[in-house]
Amino acid sequence: MIRPPSGKVAAAPVLRAVTAAPDVVSLRRAGSAVGGRTLWSEVNLHVRAGEFVAVLGPNGAGKSTLIKTLLGLVPVSSGEVTVLGSRPGRRNAAIGYLPQRRAFDAGVRIRGTDIVRLGWDGDRWGVPLPRPLSGRRARATRQRVDEVIELVGAGAYAGRPIGQCSGGEQQRLLIAQALVRRPELLLLDEPLDSLDVTTQASVSALIQSVCRSEEVAVLMVAHDVNPILRYLDHVIYLARSGVVMGPPEDVITADTLTMLYGTPIDVLRDREGRLVVVGRPDHPSEPSRSVP
Amino acid sequence: MTWNLVADVQQMLSYHFMLNALRAGTIVAVVAGAIGYVMVLRGQSFAGHTLATIGFPGAAGATWLGIGVAVGYFGFCIAGALVIALLPGARRPGSGLGGSGEESAGIGTVQALALASGFLFVSLYKGFLSGLNNLLFGTITGVSDAQVLILLVAGVGCLVVLVALGRPLLFATIDPDVARARGIPVRLLDVAFLVLLGIVTAGCSQVTGSLLVFALLVAPAAAAARLSARPAAAVVLSVGLALLVTWAGETIAFFSPYPIGFWVTTLAFAVYLLAIAHRARLERPGRQTS
């Protein structure tokens with residue numbers, strides 16, 4: 001699975017079963033340039049159905065741009081991208097998307113249920129009929145919305161205005177919104193950002209269980225890999241000098257990161273298996289000692 | 001005034017100007033209540049206020065040129081909506097969730113220009129001074145049959161478009177990034193909504209005057225949002241409160257020597273205060289919020 005541009009760490013190609021699920025996402029020699037600056041180029045990667053994949057890398061490496069590229073919101077500058085068998089943007093109805101963001105303003109007085117419901121039919125023109133006049137389809141809609149709210153465990157606060165929910169509660173409701181149409185692919189951009197450690201763990205476990213139970217491929221941009229480390233099938237590491245994809249234990253290594261950053265880097269593992277990256281990455285926004 | 005309610009109302013309705021005022025007020029209240037709710041949700045109150053002040057030079061200019069006041073209101077407000085929509089960064093999508101989009105200083109500049117040119121038109125049209133107050137603060141006697149008809153057409157048009165935009169407009173308001181990824185034309189909806197807002201403020205201005213449009217556009221909607229977090233229920237509430245405020249305000253204005261704008265605004269403010277007080281009582285510690 002590892003296809004580094006330089007070929008230096010091509011030693012460990014992952015031989016998945018030949019009967020593996022079809023590619024949900026595939027990039028062939030793809031490159032991205034925003035405002036004339038090349039973010040990444042010659043990227044080859046494949047995500048299969050039901051896989052949980054993290055996108056890591058320093059700030060400004062183009063992680064969010066990768067997500068937007070898969071949604072067709074940003075064009076690739078070179079190469080070929082296929083999402084769910086089509087050009088990016090064609091099958092967005094089958095993709096659940098959680099953009100990188102801050103929380104809802106405390107004054108937003110719309111219920112969590114309504115937010116989830118927008119994921120179901122928010123793109124249909126017009127307004128739903130009032131409840132007494134609505135038919136079977138509306139009942140099915142409400143059922144599905146309730147079901148997905150139960151799935152993410154948000155039943156207790158889905159009736160509250162979203163602005164009054166905590167960060168973790170809002171994130172669960174937004175994940176429910178992304179899931180409500182039974183997507184084949186979830187694109188999550190730093191969903192754990194600004195959550196406390198306990199909530200990070202529970203939201204990570206939720207994403208993992210959804211990934212398994214709903215058989216949806218998850219591509220998640222993460223600032224810190226540790227909350228999701230034990231759930232991951234693959235890691236995509238984006239850096240200035242190249243892109244590496246593979247199992248986390250193969251990618252988050254001193255050798256690979258040293259190659260990507262072009263400067264000596266160590267990866268330490270603590271007693272609980274958490275990873276700490278130590279070194280002097282060449283990117284100015286990356287702190288001298290950080291967690292990938 | 002006899003304090004016999006039935007007789008008083010009969011007396012009031014026997015005046016044609018009063019009938020027209022109530023007709024126009026009813027149309028305006030329904031539309032302003034509905035559109036106002038979306039405006040409050042989108043955090044575009046400042047844009048709405050600016051559109052209202054843009055109606056003033058429109059009306060003043062139309063009077064100066066001797067064409068219908070309604071034409072001036074609608075023409076300027078719609079043009080103003082397009083200008084605001086085209087201002088860079090007027091509402092930067094993705095700047096926040098829940099319609100907390102930033103409004104640029106550009107809108108404020110447009111507002112100042114609108115007020116200044118309105119005043120210019122007033123001074124160009126000599127002997128217009130009594131009309132100035134009416135343009136700014138509204139008048140109960142000023143609505144003609146033709147104006148009622150125009151308001152009706154514009155109001156029904158606005159409501160039909162608002163209902164048609166419905167869910168995608170709500171989606172684009174609450175979560176523009178995800179809405180765009182789902183193929184909703186977020187930018188187009190931004191422009192469409194501003195034009196709707198322009199039409200509504202133009203209509204509103206003809207009842208409450210340019211400066212007091214907010215009484216109907218903001219107060220009932222803000223009160224309704226505090227009373228219910230269900231979008232459909234809140235829209236209905238907002239319309240109901242706007243109607244209540246308008247009818248009561250017009251009735252009191254008829255029996256009192258003071259202007260209609262004052263009464264409608266005062267009642268709207270009272271409704272808003274009551275809603276805030278009700279919400280504060282519900283959210284006292286130890287009570288389940290809804």
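Quick notes on the rules
- Residues numbered from 1 in each chain as written.
- Chains lettered and ligands numbered in written order.
- Predicted model: local features only at pLDDT ≥ 70, side-chain atom pairs only at ≥ 80, totals over all residues.
- UniProt positions renumbered as here; feature names shortened; annotations may be inferred.
- Helix = DSSP H or I, 4+ residues; strand = E, 2+ residues; numbered from the N terminus.
- Rg over C-alpha atoms; globule rule 2.2 N^0.38 Å.
- Buried ≥ 20, exposed ≤ 12 C-beta atoms within 10 Å, placed from the backbone.
- Contact = placed C-beta atoms within 7 Å.
- Pairing = 2+ DSSP bridges.
- Axes fitted to C-alpha atoms, helices over the stretch in contact; angles between N-to-C directions.
- Core = buried A, V, L, I, M, F, W, Y, C linked by C-beta atoms within 7 Å.
- Nonpolar A, V, L, I, M, F, W, Y, C, P; charged D, E, K, R; others polar.
- Parallel < 35°, antiparallel > 145°, perpendicular 65-115°, else oblique.
- Left-handed = near helix turned anticlockwise from the far one by under 90°.
- Expected span 1.5 Å × (residues − 1).

- The name an unreviewed UniProt entry assigns to chain B is Metal ABC transporter permease, from the organism Pseudonocardia xinjiangensis.
- Taken verbatim from the UniProt record of chain B, the Sequence similarities (unreviewed entry) comment is "Belongs to the ABC-3 integral membrane protein family."

- As annotated in an unreviewed UniProt entry, chain A is Metal ABC transporter ATP-binding protein from Pseudonocardia xinjiangensis.

**Remarks on the overall build of chain B**
Item 1. Of regular secondary structure, chain B possesses 13 helices and 0 strands.
Item 2. Computed over its C-alpha atoms, the radius of gyration of chain B comes to 19 Å, within 12% of the 19 Å expected for a compact globule of 290 residues.
Item 3. Reported as C-alpha extents along the three principal axes, the dimensions of chain B are approximately 55 × 50 × 30 Å.
Item 4. Within chain B, buried positions represent 56% of all 290 residues.
Item 5. Long-range contacts, defined as pairs at least 24 residues apart, comprise 73% of the intrachain contacts of chain B with a sequence gap of at least 6.

**Things to note about the sheet that holds strand 4 (residues 78-83) of chain A**
Residue and element names in this part refer to chain A.
Item 1. The antiparallel open sheet is built from 3 strands, whose spatial order is 2-1-4. Whereas interior strands pair on both sides, the edge strands pair on one side only; in this sheet they are strand 2 (37-48) and strand 4. Within the sheet, the average angular offset between the axes of one strand and its neighbour, ignoring direction, is 20 degrees.
Item 2. The pairing of strand 1 (residues 23-34) with strand 4 spans 5 bridges and is antiparallel. The residue bridging Gly31 from the neighbouring strand is Ser78, located in strand 4.
Item 3. Contacting strand 1, strand 2 and strand 4, helix 1 (residues 63-70) crosses the sheet at an angle of about 120 degrees to strand 1.

**Focus on the nonpolar core**
Item 1. Membership of the largest hydrophobic core comes to 190 residues, with the highest contact counts inside it found for A:Val218, B:Ile35 and B:Leu216.
Item 2. Per-element tally for this core: the top contributor is helix 2 (residues 16-42) of chain B, with 17 residues.
Item 3. Once you skip the residues sitting within four places of it in the chain, B:Leu216 turns out to touch B:Val28, B:Ala29, B:Ala32, B:Cys204, B:Thr208, B:Ala242, B:Thr246, B:Val264 and B:Ala268.

**Observations concerning the sheet that holds strand 9 (residues 242-246) of chain A**
Residue and element names in this part refer to chain A.
Item 1. The 6 strands are arranged 5-6-7-3-8-9 in an open sheet whose pairing can be described as mixed. Looking at which strands have only one partner, the edges of the open sheet turn out to be strand 5 (95-98) and strand 9. The sheet shows a mean angle of 10 degrees between the axes of neighbouring strands, taken without regard to direction.
Item 2. Across 5 bridges, the pairing between strand 6 (residues 185-189) and strand 7 (residues 217-221) is parallel. Across the sheet, the residue bridging to Leu186 is Val218, located in strand 7.
Item 3. Sitting on the sheet, helix 1 is in contact with strand 3 (52-56), strand 6, strand 7 and strand 8 (234-239), with an inclination near 150 degrees to strand 6.

**Comments concerning the UniProt feature "transmembrane region" (unreviewed entry) in chain B**
Residue and element names in this part refer to chain B.
Item 1. With numbering matched to this structure, UniProt assigns "transmembrane region" (unreviewed entry) to residues 20-41, 62-87, 107-128, 148-171, 191-219, 231-248 and 260-277.
Item 2. Measuring from the first to the last C-alpha atom of residues 62-87 gives 25 Å, for a span that is 85% helix and 0% strand.
Item 3. Note that residues 260-277 is 100% helix and 0% strand, and that its end C-alpha atoms are spaced 26 Å apart.

**Regarding the UniProt feature "domain: ABC transporter" (unreviewed entry) in chain A**
Item 1. Listed under "domain: ABC transporter" (unreviewed entry) in the UniProt record, and renumbered for this structure, are residues 22-265 of chain A.
Item 2. Secondary structure across residues 22-265 of chain A divides into 31% helix and 25% strand, with the first and last C-alpha atoms of the span separated by 35 Å.

**Description of the interface of chain A and chain B**
Item 1. The interface is formed by 28 residues belonging to chain A together with 27 residues belonging to chain B.
Item 2. A total of 4 residues in the side of chain A that touches chain B trace back to one element, the largest contributor, which is helix 2 (residues 112-121) of chain A.
Item 3. A per-class count over the side of chain A that touches chain B returns 13 nonpolar, 5 polar and 10 charged.

**A closer look at the packing of helix 12 (residues 231-255) of chain B against helix 13 (residues 260-282) of chain B**
Residue and element names in this part refer to chain B.
Item 1. Where helix 12 contacts helix 13, the axes come no closer than 8 Å and their chain directions differ by 140 degrees. In terms of orientation, helix 12 and helix 13 fall into the oblique class. As helix 12 runs across helix 13, the sense of the crossing is right-handed. Packed against helix 12, whose contacting residues are Leu241, Val245, Thr246, Ala248, Gly249, Glu250, Ile252 and Ala253, the element helix 13 presents Ile260, Trp263, Val264, Leu267, Ala268 and Val271 at the interface.
Item 2. Within the contact of helix 12 with helix 13, the residues separate by chemical class into 11 nonpolar, 2 polar and 1 charged.

**Overview of the environment of A:Gly89**
Residues and elements named next belong to chain A.
Item 1. Along the chain, Gly89 falls in the loop between strand 4 and strand 5.
Item 2. In the structure, Gly89 is positioned 16 residues away from Leu73 in sequence and 7.1 Å away in space, judged by C-alpha atoms.
Item 3. Each residue touching Gly89, except ones within four places of it in the same chain, is listed here: Leu71 and Gly72.

**Examining unusual backbone geometry**
All names here are of chain A.
Item 1. The backbone of Arg29 sits at a positive phi, close to 50 degrees, despite the residue not being glycine.
Item 2. Looking at where Arg29 falls in the secondary structure, it is placed in strand 1.
Item 3. Positive phi is not limited to glycine here, since Glu190 has a value of about 50 degrees.
Item 4. Looking at where Glu190 falls in the secondary structure, it is placed in the loop between strand 6 and helix 5 (197-213).

**Some remarks on helix 4 (residues 167-179) of chain A**
Residues and elements named next belong to chain A.
Item 1. With 13 residues, helix 4 extends 18 Å between its outermost C-alpha atoms, agreeing within 8% with the 18 Å of an ideal straight helix rising 1.5 Å per residue.
Item 2. The buried fraction of helix 4 is high, at 11 of 13 residues.
Item 3. Looking only at helix 4, the buried set comprises Glu169, Gln170, Gln171, Arg172, Leu173, Leu174, Ile175, Ala176, Gln177, Ala178 and Leu179.
Item 4. In this structure, the buried residues of helix 4 make contact with strand 5, helix 2, helix 3 (136-151), strand 6 and helix 5.

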